[in-house]
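# Structural description and commentary
For reference, the chains in residue letters:
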Amino acid sequence: MTLLKGKVAIITGAGRGLGAAHARRLAQEGAAIVVNDMGRDERGEYTADSVVASIREAGGQAVAHTQDISTVEGGQSLLDAALAAFGRADILINNAGILRDKSLLKLDEGDWDVVLKVNLKSMYAVTRPVFAWMKENGGGVVVNTSSPSGLVGNFGQINYAASKSGAWGFSNVLTIEGAKCGVRVWTLVPTAVSALTAPLMDAAMQAQLAPEHVAEVMVYMVSELSGSRTGHCLFASGHSVRELKLVSAPGIAGAGVDPAFTARSLAAAEEAIYRPEPTLTVMDFAK
Ligand SMILES: NC(=O)c1ccc[n+]([C@@H]2O[C@H](COP(=O)([O-])OP(=O)(O)OC[C@H]3O[C@@H](n4cnc5c(N)ncnc54)[C@H](O)[C@@H]3O)[C@@H](O)[C@H]2O)c1
């Protein structure tokens, strides 16, 4: 029995990498896929077309959409393409993303704007029309792609990290709004070998961190295997799968309820305010 028979999945940035792995794996489970990607290969062909061809060769259903999804027009046209081809939109995976790595003092306005536009504004541009359709048609599942860099920081990625922690905040609110109309929401924090990192890894490491391992987690997230779960943030790589959560130290009473509260008492209570918790770094996500 396939898990996604009759479902239609829209995946942004699915012409290569993680998005292509999600597309192929969801298609194996019976979903019809709208493969969005504006990227082209070295021959000048849209990468989305070759992913669609591979899905069809394997007996699946897919269409390509090659517009920029960082604009409101692009987002609407992506939903329109799904409805024109398959008549539904049950699953949305906001996956498209770019890097323009520079430390803050070397980062110009253009590098800031384009990363925020592609990585974060696209979530607004695509999710808004798709969410409206889901709301009117019995619900759905939305997965927003964040990054370890967005949650714990990484040198030289201030624009990227801001966009990716934005994805997490976007998910948190969408979870609350989606609960009213049957839309489940996840944040995915992946690690996988990419076009950039593959040449730096040996074959064994590439196999361990293949995007296909993350796509397996995606099937769990968007199918009935995860039941009514919503609002979770999952780290997923070939090395491990685990929920990531915000932690709060016990803290101390504030000035409004404790007349003895002063800046000096705050300094004396640091143990309760900053109770040592395991501190994650980007390197922890390599395990
Ligand atoms: N690979 C990792 O280890 C890793 C780690 C953390 C987060 N991520 C995130 O996962 C997602 C996928 O990463 P990947 O490694 O597969 O990257 P990738 O570069 O291989 O794929 C991203 C795709 O998005 C497409 N794209 C970019 N801008 C677009 C736009 N405006 N409209 C349509 N398509 C657009 C690109 O053409 C590309 O094919 C990204 O959001 C990335 O930030 C990846």
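Residues numbered from 1 in each chain as written. Predicted model: local features only at pLDDT ≥ 70, side-chain atom pairs only at ≥ 80, totals over all residues. Heavy atoms only, no water.

By domain assignment, the protein chain separates into domain 1 (8–246) and domain 2 (248–287). For domain 1 and domain 2, the distance between their C-alpha centres works out to 35 Å. The partner domain 2 presents eight residues to the twelve residues of domain 1 that form the contact. Together, V152, H239 and R242 form the three largest contributors to the area buried by domain 1 at its contact with domain 2, with a combined 48%. At the boundary of domain 1 and domain 2, one finds zero salt bridges. A total of three residues in the side of domain 1 that touches domain 2 trace back to one element, the largest contributor, which is helix α5 (residues 148–152). (Domains from an automatic or database assignment. Contact = heavy atoms within 4.5 Å. Buried area = accessible area lost by both parts, 1.4 Å probe. Salt bridge = Lys/Arg side-chain N within 4 Å of Asp/Glu carboxyl O. Helix = DSSP H or I, 4+ residues; strand = E, 2+ residues; numbered from the N terminus.)

Taken as a whole and assessed by the stated rule, the structure comprises six salt bridges. The partner of R25 in a salt bridge is E216, and the shortest N-O contact between them spans 2.7 Å. Placement of R25 in helix α1 (residues 17–28) and of E216 in helix α8 (residues 211–222) is noted, with a sequence separation of 191 residues between them. R25 sits in the buried class, given a relative accessible area of 15%. In this structure E216 comes out as partly exposed when scored by relative accessible area, which is 42%. A salt bridge links E243 to K245; its shortest N-O distance comes to 3.7 Å. For E243, a relative accessible area of 35% puts it in the partly exposed group. Salt bridges here are not isolated pairs; linked through shared partners, they connect R25, E29 and E216. (Buried < 20%, exposed > 50% of the residue type's maximum accessible area, 1.4 Å probe, protein only.)

Before going further, it helps to spend a moment on the packing of α1 against helix α2 (residues 47–57). Where α1 meets α2, the axes come as close as 10 Å, and the angle between the chain directions of the two elements is 20°. The angle between the axes of α1 and α2 places the two elements in the roughly parallel class. Crossing of α1 against α2: the hand is right-handed. Along the contact surface, α1 presents A20, A23, R24 and A27, while α2 presents V51, S54 and I55. (Axes fitted to C-alpha atoms, helices over the stretch in contact; angles between N-to-C directions. Parallel < 35°, antiparallel > 145°, perpendicular 65-115°, else oblique. Left-handed = near helix turned anticlockwise from the far one by under 90°.)

With respect to the helices, strands and loops of the structure, S77 is situated in helix α3 (residues 72–86). A relative accessible area of 15% places S77 in the buried class. In terms of polar contacts, S77 uses its side chain to reach the side chain of Q67, at 3.3 Å. Among all residues touching S77, those that are not within four sequence positions of it are H65 and Q67. (Polar contact = N/O pair within 3.5 Å; in protein donor to acceptor, adjacent residues only side chain to side chain.)

Here the focus is the pairing of strand β3 (residues 62–65). Relative to β3, strand β2 (residues 32–36) runs parallel, the two sharing four bridges. Looking at the pairing, I33 lines up with A62 of β3. For the crossover that starts at β2, traverses α2 and ends in the parallel β3, the hand is right-handed. (Pairing = 2+ DSSP bridges. Right-handed = clockwise from strand over helix to strand, strands pointing away.)

Moving on to the site of the ligand. What surrounds the ligand is a group of 26 residues, the closest being R16, D37, N95, Y160 and K164. Between a nitrogen atom of the ligand and a main-chain N or O atom of I69, the distance comes to 3.3 Å. A distance of 2.7 Å separates an oxygen atom of the ligand from a polar atom in the backbone of N95. For the ligand, the protein covers 87% of the area, taking 820 Å² as the surface of the free molecule. Put simply, the parts of the chain that give the shell around the ligand at least two residues each are α1 and α6 (158–178). (Near = heavy atom within 4 Å. Areas by Shrake-Rupley, 256 points an atom, 1.4 Å probe, with all protein chains shown as cover.)

For α1, which comprises twelve residues, the first-to-last C-alpha distance of 17 Å matches the rise-based estimate of 16 Å (1.5 Å per residue) to within 8%. When α1 is considered as a whole, its buried residues turn out to be L18, G19, A20, A21, H22, A23, R25, L26 and A27. Looking at the packing, one finds that the buried side of α1 touches β1 (8–11), β2, α2, β4 (91–94), β6 (183–190) and α8. (Expected span 1.5 Å × (residues − 1).)

Counting residues in each nonpolar core, the largest one holds 32 residues, and the members touching the most others are L26, I33, V35, V143, M221 and V222. Broken down by element, the residue count for this core peaks at six residues, all from α8. Not counting residues within four places of it along the chain, the set of residues in contact with M221 comprises V141, V143, R184, W186, T187, L188, S226 and L234. Core analysis: the second largest hydrophobic core is formed by 20 residues, V63, L79, V126 and F131 among them. (Core = buried A, V, L, I, M, F, W, Y, C linked by side-chain atoms within 4.5 Å.)

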